[in-house]
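Listed below are the residues making up each chain.
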Amino acid sequence: MIGSSLIAFQQVSKFYGRGEATIRALDKIDLSIRAGEFVSIMGPSGSGKSTAMNIIGGLDLPSSGEYVFQGIPTSGFSRAQLTLLRRHMLGFVFQGFNLLARTSAVENVELPLVYRGMDHRERRRLALAALEQVGLKGREHHTTQELSGGQQQRVAIARAIVTDPAVLLADEPTGNLDTKTSVEIMELITRLNRENGITVIMVTHEEDIAAYGKRLLRFVDGHLASDQAQAKEHDHVL
Amino acid sequence: MFFETAKLAWRAISRNMLRSFLTVLGVVIGVAAVIAMVTVGNGTTAKVKDELSRLGTNTLFVRPGQWGPGRASTEAKRFTDKDVEAIQAQVSGLRAVAPINRGTATVIASGANHSTSVIGTTGDYLIAQDWDLALGRQFLANEDRGSRAACIIGETVRKELFGAANPVGQNIRVSNVSCPVVGVLAVKGQSGMGDDQDDTVVMPLKLHQRRIGGTTTISSIILSAQDGISTAKVQADVESLLRERRRIGIGREDDFSVNDMSQIAAAMTGTTVLLTGLLGAVAAVSLLVGGIGIMNIMLVSVTERTREIGIRLAIGALENQVLTQFLVEAVMLSIFGGVTGILTGLALAYAVVSLLDVPFVVSPTIVLLAFAFSAAIGMIFGYFPARRAAQLNPIEALRHE
């Protein structure tokens, strides 16, 4: 599964503000992530981990340096090009789930396919399959409010994987969940990484959640403080 | 994709039905007002035209000055007895030639009094107007010459002065002229303009000129052509005769007019052009106000749904797709207002039309126009909020609470 470089940062910096007040959120970061990896990112707030995540997710552009995706440099990408990168290559899972309110689970999952212009029947088929994969068979027509936090996060994961993306970006995916549910969600993400070969990049501030990753990046003050492989201590669970 | 967008927009609108309705109320009122006014206007115009055509297509009206909207001239020379005699003698194919002077006067009989219109004319007036007598007789020759007083009264005047009694042979005083009633006109009812045609007294022209008008001239002439005679030919003959008598040089404009009913009807629709312009201004103002209402609520909606917009942008919605979504929502709102306005306006017009007893004439043009305009309003005033939504920064939008 592990292949050539999927995501690469070359001397990536990100500044906010001007002059004296300039904040250096990322300072000349070099980084490479290969297809099929499961990378955890940790760091205190203000360390630059969220900024790095936004750049990886095509939501933000570096101030200097180069972000290379699948060998393609993205500097000079227009807003529309970044959108197409997100649409076709990336899936997002957020801490606050970010599902559409008053909308059924299956319609939430269909949403990214709607923007691809996919026909209604095909969309429904893929969305139902994705919901089954995250263990929500039978709950397809429940609206967001009728689902528990864990179930909502499962819907969000289904929405992220329904487009069969190259990378799943998870930003504090268990931040709003209790321990038991957190474990269930992490097992689901681990399974998707392992069985579907989806590259997972996850930001968290909890050590035991970060431990699910096979590689751990620690950010401090806009620098990459450490980058180490981790033992697969949770393998026994699966 | 379009169907998806429409469905989404409908959901957003129906989720907050009361707010959506209040938002488009401006458009509803504007459109309803225009539709109602135009429809009622069409109905009354149709009724006037219908009545005018029933007055007879072989009737011609001769007046001093050029007649039409905004060109009524009071300065043109009035007609004389000689003009009337010349027409009678030199224009062939005429059934009736009636000179007419009009005035108003208080009519008194047996203690009752009533203010009414008094027409000075000859017996030909009733022939030209196809107006029958319910009681009594026409003017006699000596009455027409002015040597004896005589009056023919309308039904309304009869009721006011005599109640149920037969007035024929009784004396009435018309502005201090004592005058025996010789006849009563058949009931005609309201004219297309809404006035009571039966509220009138007809007396010989000579008497009217001396005692009511204080003049020796004539203000207008009604002509009636014989059946089978072209009114166009009669009109041309009368025009050339009057030009000659009034010494109008070649190339100069007539200082009088000869019109038949269809020309008068055309002039009347001319006044509705002015009315339509006025309506257009009212519509423009109310639609502008309605459009601002829609823009306002769409801006609120964009703020409320910032997070939703962030989600959509993050998972791959292009700017154009978000723009389209909000634009469709605004257009749908305003069309919703437009259609409600059209239906309300038609219902209102129907009620008014039934009250006025005029026909219900729906103009498809104005309905289509109202629809198109309301859609355009949504497009124009929805664009700015929609663009604002599309240009949101997804990172900040996602962080929005």
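By convention here, each chain's residues receive numbers from 1 onward along its written sequence. Lettering for chains starts from A, numbering for ligands starts from 1, and both go in the order in which the items are written. With the structure being a predicted model, the display of local features is reserved for residues of pLDDT at least 70 and the display and counting of side-chain atom pairs for 80 or more, all residues being used for whole-chain, interface and lining totals. Here the side-chain values reflect all heavy atoms present in the structure, with hydrogen atoms and water set aside.

A.B. asks: So what's going on with the overall build of chain A? Which residues, and what values?
C.D. replies: Secondary structure elements follow DSSP: runs of H or I of four or more residues count as helices, runs of E of two or more count as strands, with numbering from the N terminus. Of the regular secondary structure elements, chain A holds seven helices and ten strands. Two residues form a contact once any of their heavy atoms are found within 4.5 Å. A separation of at least 24 residues holds for 70% of the contacts in chain A among residues at least 6 apart in sequence. Split by element, the accessible area of chain A, about 10400 Å² in all, is 49% carbon and sulfur. For accessible areas, the Shrake-Rupley method is used with a probe of radius 1.4 Å. Any residue's cover is judged against the shown protein chains and nothing else.

A.B. asks: Can you tell me about the overall build of chain B, naming the residues and giving the values?
C.D. replies: Along chain B, the regular secondary structure elements total 13 helices and ten strands. The buried share of chain B, reckoned over its 401 residues, is 47%. Considering only contacts within chain B whose residues lie at least 6 apart along the sequence, 77% involve residues at least 24 apart. For chain B, the accessible area works out to roughly 19200 Å², and carbon and sulfur atoms hold 59% of it. Here's how the labels work: a residue is buried when its accessible area is under 20% of the maximum for its type, exposed when over 50%, partly exposed in between, all with a 1.4 Å probe on protein chains only.

A.B. asks: Could you give an account of the interface of chain A and chain B, with specific residues and numbers?
C.D. replies: Across the contact, 26 residues belong to chain A and 24 residues belong to chain B. Each of two parts loses accessible area, computed with a 1.4 Å probe, when they are put together; buried area is these two losses added. Here chain A meets chain B over a buried area of about 2200 Å², counting both sides, of which 55% is carbon and sulfur. Its largest share of buried area at the contact with chain B, chain A owes to Arg79, Asn98 and Tyr115 of chain A, together 30% of the area lost on that side. Salt bridge, as applied in this entry: a Lys or Arg side-chain nitrogen positioned within 4 Å of an Asp or Glu carboxyl oxygen. Our count for the chain A to chain B interface comes out at three salt bridges. Pairs of N or O atoms within 3.5 Å make up the polar contacts considered here, provided that, within protein, one atom can donate a hydrogen while the other can accept it, and that residues adjacent in sequence are counted only when both atoms are side-chain atoms. At the boundary of chain A and chain B, one finds twelve residue pairs in polar contact (both at pLDDT 80 or more). Charged means Asp, Glu, Lys or Arg here, nonpolar means Ala, Val, Leu, Ile, Met, Phe, Trp, Tyr, Cys or Pro, and polar covers whatever is left, Gly included. Grouping the amino acids of the side of chain A that touches chain B by side-chain chemistry returns twelve nonpolar, six polar and eight charged.

A.B. asks: Residue-level account of the sheet that holds strand E1 (residues 5–16) of chain A, with values.
C.D. replies: Across a sheet, paired strands are connected by hydrogen bonds in the backbone, their directions being either parallel or antiparallel. All names here are of chain A. In space, the four strands of this open sheet follow the order E2-E1-E4-E5, with antiparallel pairing throughout. Looking at which strands have only one partner, the edges of the open sheet turn out to be strand E2 (23–34) and strand E5 (72–73). Two strands are said to pair when DSSP picks up at least two bridges between them. Bridge analysis of E1 against E2 gives eight bridges, and the strand direction is antiparallel. From the neighbouring strand, Phe9 faces E2, where its bridge partner is Leu31.

A.B. asks: Mind laying out helix H10 (residues 306–314) of chain B, listing which residues take part and the relevant values?
C.D. replies: Count 3.6 residues to each turn of an α-helix, and residues three or four apart come out pointing the same way. Across the nine residues that make up H10 of chain B, a large majority, eight, are buried. Three or more residues of H10 of chain B are buried, namely Thr306, Glu308, Ile309, Gly310, Ile311, Arg312, Leu313 and Ala314 of chain B.

A.B. asks: Talk me through the UniProt feature "transmembrane region" (unreviewed entry) in chain B; I want residue IDs and the actual numbers.
C.D. replies: UniProt positions are given in the numbering used here, feature names are shortened, and annotations may be inferred rather than shown by experiment. The residues that UniProt annotates with the feature "transmembrane region" (unreviewed entry) are residues 21–40, 278–302, 330–353 and 365–384 of chain B. The span residues 365–384 of chain B is 100% helix and 0% strand, and its two end C-alpha atoms sit 30 Å from each other.

A.B. asks: Describe the environment of Val238 of chain B, and please don't skip the residues or the numbers.
C.D. replies: Relative to the assigned elements, Val238 of chain B resides in helix H8 (residues 231–245). Using a relative accessible area of 0% as the deciding quantity, one classes Val238 of chain B as buried.

A.B. asks: Talk me through unusual backbone geometry; I want residue IDs and the actual numbers.
C.D. replies: All names here are of chain A. Positioned with a positive phi, Gln11 is a non-glycine residue whose angle comes to about 55°. The topology assignment puts Gln11 in strand E1. Despite not being glycine, Gln70 has its phi angle at roughly 50°, a positive value. Note on placement: Gln70 falls in the loop between strand E4 (64–69) and E5. Residue Gln70 is classed as partly exposed on the basis of its relative accessible area of 42%.

A.B. asks: Help me get a handle on the pattern of salt bridges, residues and values and all.
C.D. replies: Scanning the model with the defined rule gives 28 salt bridges over all chains in all. Between Glu184 of chain A and Arg154 of chain A there is a salt bridge, with the nearest N and O atoms lying 3.4 Å from each other. With Glu184 of chain A in helix H6 (residues 179–195) and Arg154 of chain A in helix H5 (residues 149–161), this residue pair connects regions lying 30 residues apart in the sequence. Judged by its relative accessible area of 17%, Arg154 of chain A falls in the buried class. The salt bridge partner of Asp83 of chain B is Arg245 of chain B, with a shortest N-O separation of 2.6 Å.

A.B. asks: Report on the sheet that holds strand E9 (residues 215–220) of chain A, specifying residues and quantitative values.
C.D. replies: Residues and elements named next belong to chain A. Spatial strand order, E6-E7-E8-E3-E9-E10: six strands in an open sheet with mixed pairing. Only two strands of the sheet have a single partner each, and these edge strands are strand E6 (90–93) and strand E10 (223–229). Here the strands of the sheet are splayed against their neighbours by 15° on average, with no regard to which way each runs. Every axis corresponds to a line fitted to the C-alpha atoms, with the helix fit spanning only the stretch in contact, and the corresponding angles, defined between N-to-C directions, vary from 0 to 180 degrees. Packing against the sheet, helix H2 (residues 79–89) makes contact with E6 and strand E7 (167–171), and its axis sits at approximately 80° to E6.

A.B. asks: Outline the nonpolar core, listing residues and values.
C.D. replies: In a soluble, globular protein the nonpolar side chains are often hidden away together inside. Ranked by size, the top nonpolar core spans 72 residues in total, and within it Ile7, Phe9, Val167 and Ile201 of chain A carry the most contacts. The leading source of residues in this core is helix H11 (residues 319–356) of chain B, at eight residues. Among the nonpolar cores identified, the runner-up in size contains 34 residues, and Leu99, Ala130, Leu168 and Leu177 of chain A belong to it. Here, the term nonpolar core denotes a set of buried Ala, Val, Leu, Ile, Met, Phe, Trp, Tyr and Cys residues that are joined through side-chain atoms within 4.5 Å.

A.B. asks: Account for the side chain of Asp83 of chain B, with residues named and values stated.
C.D. replies: Turning to its location among the elements, Asp83 of chain B is positioned in helix H3 (residues 81–90). A residue is classified by how much of its surface remains accessible, and Asp83 of chain B, at 6% relative accessible area, is buried.

A.B. asks: Can you break down the pairing of strand E1 (residues 59–64) of chain B residue by residue, with the values?
C.D. replies: On a regular strand, one side chain projects to one face of the sheet and the next to the other, so that they alternate. Residue and element names in this part refer to chain B. Counted residue by residue, E1 has five buried out of six residues, so it is predominantly covered. Where E1 meets strand E9 (residues 220–225), four bridges bridge the pair, whose relative direction is antiparallel. The residue bridging Thr59 from the neighbouring strand is Ser224, located in E9. As defined by bridge partners, E1 adjoins strand E10 (residues 256–260) across five bridges and the pair is classed as antiparallel. Paired with Val62 across the two strands is Val258, which belongs to E10.

A.B. asks: Run through the state of the cysteines, naming residues and quoting values.
C.D. replies: A covalent bond between the sulfur atoms of two cysteines is what we call a disulfide. Residues and elements named next belong to chain B. Any pair of cysteine sulfurs within 2.5 Å is marked as a disulfide. Within the structure shown, the criterion is met by one disulfide over all chains. Put simply, Cys151 and Cys179 are joined by a disulfide, and their sulfur atoms are 2.1 Å apart. Here the S-S torsion is close to 115°, and the disulfide linking Cys151 with Cys179 is therefore right-handed. Of the two residues, Cys151 sits in strand E5 (residues 151–153) while Cys179 sits in strand E7 (residues 177–185), which places them 28 residues apart along the sequence.

A.B. asks: Report on the side chain of Asn54 of chain A, specifying residues and quantitative values.
C.D. replies: Position of Asn54 of chain A relative to the elements: it lies in helix H1 (residues 49–56). Here Asn54 of chain A falls in the buried class, since its relative accessible area comes to 15%. Every residue in contact with Asn54 of chain A, bar those within four places of it in the chain, is listed here: Leu59 and Asp60 of chain A together with Ile395 of chain B.

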